[in-house]
Amino acid sequence: NMEGMREYTDGALQVHDHDAIQMVHKLLHEEGIFVGGSAGLNVAGAVALAKQMGPGHTIVTILCDGGFRYGTKLFNKAWLKDKGLL
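Everything numeric here is computed off the predicted structure, so don't read it as measured data.

Asks: Which residues make up the overall build of the chain, and what are the values?
Replies: A tally of regular secondary structure across the chain gives three helices and zero strands. Along the chain, from the amino end to the carboxyl end, the secondary structure elements read α-α-α. Projecting the C-alpha coordinates of the chain onto the three principal axes gives extents of approximately 40 × 30 × 20 Å. The buried share of the chain, taken over its 86 residues, is 22%. Of the contacts made within the chain by residues no fewer than 6 positions apart, 57% connect residues no fewer than 24 positions apart. Counting every atom, the chain has about 6500 Å² of accessible surface; 52% of that belongs to carbon and sulfur. Of note, the chain has its 8 positive side-chain charges centred 9 Å away from the centre of its 9 negative side-chain charges.

Structure (structure tokens):
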């Protein structure tokens, strides 16, 4: 997905689906923020980057989707288990 875009970015991180889904549920249960998979992916990536960079840096990300469209998937334990994501 980054082909032709490298000149516009400082880098990219790979985040596994499982980590993104865990972050979606963590944001909901610990912060009360109801987001979808893309936002969970963004936050998981921001957390990974913060760990890499260490203290003293500012990292910004965008929570680009809400969780309301994902009730039958991201918030369905049977679906997540069937897909090997739990």
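Asks: Mind laying out helix H2 (residues 37-53), listing which residues take part and the relevant values?
Replies: In an α-helix there are 3.6 residues to a turn, and that puts residues three or four apart on one side. Along its 17 residues, H2 runs 24 Å from first to last C-alpha, staying within 8% of the 24 Å computed at 1.5 Å per residue. Among the residues of H2, those classed as buried are Ala39, Gly40, Val43, Ala44, Gly45 and Ala46. Against the buried residues of H2 lie helix H1 (17-31). Once H2 ends, the next one or two residues include Gly54, with phi positive near 80°.

Rules and cut-offs
Residues numbered from 1 in each chain as written. Predicted model: local features only at pLDDT ≥ 70, side-chain atom pairs only at ≥ 80, totals over all residues. Heavy atoms only, no water. Helix = DSSP H or I, 4+ residues; strand = E, 2+ residues; numbered from the N terminus. Buried < 20%, exposed > 50% of the residue type's maximum accessible area, 1.4 Å probe, protein only. Contact = heavy atoms within 4.5 Å. Areas by Shrake-Rupley, 256 points an atom, 1.4 Å probe, with all protein chains shown as cover. Lys, Arg positive; Asp, Glu negative; His and termini not counted. Charge placed at Lys NZ, Arg CZ, Asp CG, Glu CD. Expected span 1.5 Å × (residues − 1).

Everything listed is a geometric property; what it means functionally is a separate question.
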